[in-house]
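These are the residues of each chain, in order.
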Amino acid sequence: QVRMTESGGGLVQAGGSLRLSCAAAGSISSFHQMGWGRQAPGKERELVALITDGSRTNYAESVKGRFTISRDNAKNTVWLQMNSLQPDDTAVYYCFEGPFLRPRSFGLGTQVTVSS
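Residues numbered from 1 in each chain as written. Predicted model: local features only at pLDDT ≥ 70, side-chain atom pairs only at ≥ 80, totals over all residues. Heavy atoms only, no water.

Comments concerning unusual backbone geometry
Logical step 1: For Asn-76, which is not glycine, the phi dihedral falls at a positive 55°.
Logical step 2: One can find Asn-76 in the loop between β7 (67–72) and β8 (77–82).
Logical step 3: With a phi angle near 50°, Ser-84 is a residue other than glycine that sits in the positive phi range.
Logical step 4: Among the secondary structure elements, Ser-84 is positioned in the loop between β8 and β9 (91–97). (Helix = DSSP H or I, 4+ residues; strand = E, 2+ residues; numbered from the N terminus.)

The structure is reproduced here in structure tokens:
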């Protein structure tokens, strides 16, 4: 396991943008898959985006075309660029390493609130 710390959340108006960062306390170069998930109050956790060590990406249908995931192994960091944010995007966003349903490491999350 490696400690992962998210940052960059906040309050934004609908249509706005935020860039989330996930800093790992150790090297991520050996991590095949990393990603972002989110959980809104009263809802189940939802997979938002995935990125492999070959930089292949995959997105939830609800965020395709609006969100972009990226990683820099040299900086041990994964980002989530979120554009055209909508109130339905309001949630705690967290990063993880490994399979979404059974991650090996994950952070505590950062709150994203989108006002209408």
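Having put the structure on the table, let's press on.
Some words on the pattern of salt bridges
Logical step 1: Here the structure, examined in full by the defined rule, presents five salt bridges.
Logical step 2: The partner of Arg-38 in a salt bridge is Glu-46, with the nearest N and O atoms 2.8 Å apart.
Logical step 3: Owing to a relative accessible area of 6%, Arg-38 belongs among the buried residues under this scheme.
Logical step 4: A relative accessible area of 30% means that Glu-46 is categorised as partly exposed.
Logical step 5: Here Asp-89 makes a salt bridge to Arg-66, at a shortest N to O gap of 2.7 Å. Here Asp-89, found in the loop between β8 and β9, pairs with Arg-66, found in the loop between β6 (57–59) and β7; they are 23 residues apart in sequence, far enough to count as distant.
Logical step 6: Residue classification places Arg-66 among the buried positions, given a relative accessible area of 16%.
Logical step 7: Each member of the salt-bridge network shares a partner with another, and the members are Arg-38, Glu-46, Arg-66 and Asp-89. (Salt bridge = Lys/Arg side-chain N within 4 Å of Asp/Glu carboxyl O. Buried < 20%, exposed > 50% of the residue type's maximum accessible area, 1.4 Å probe, protein only.)

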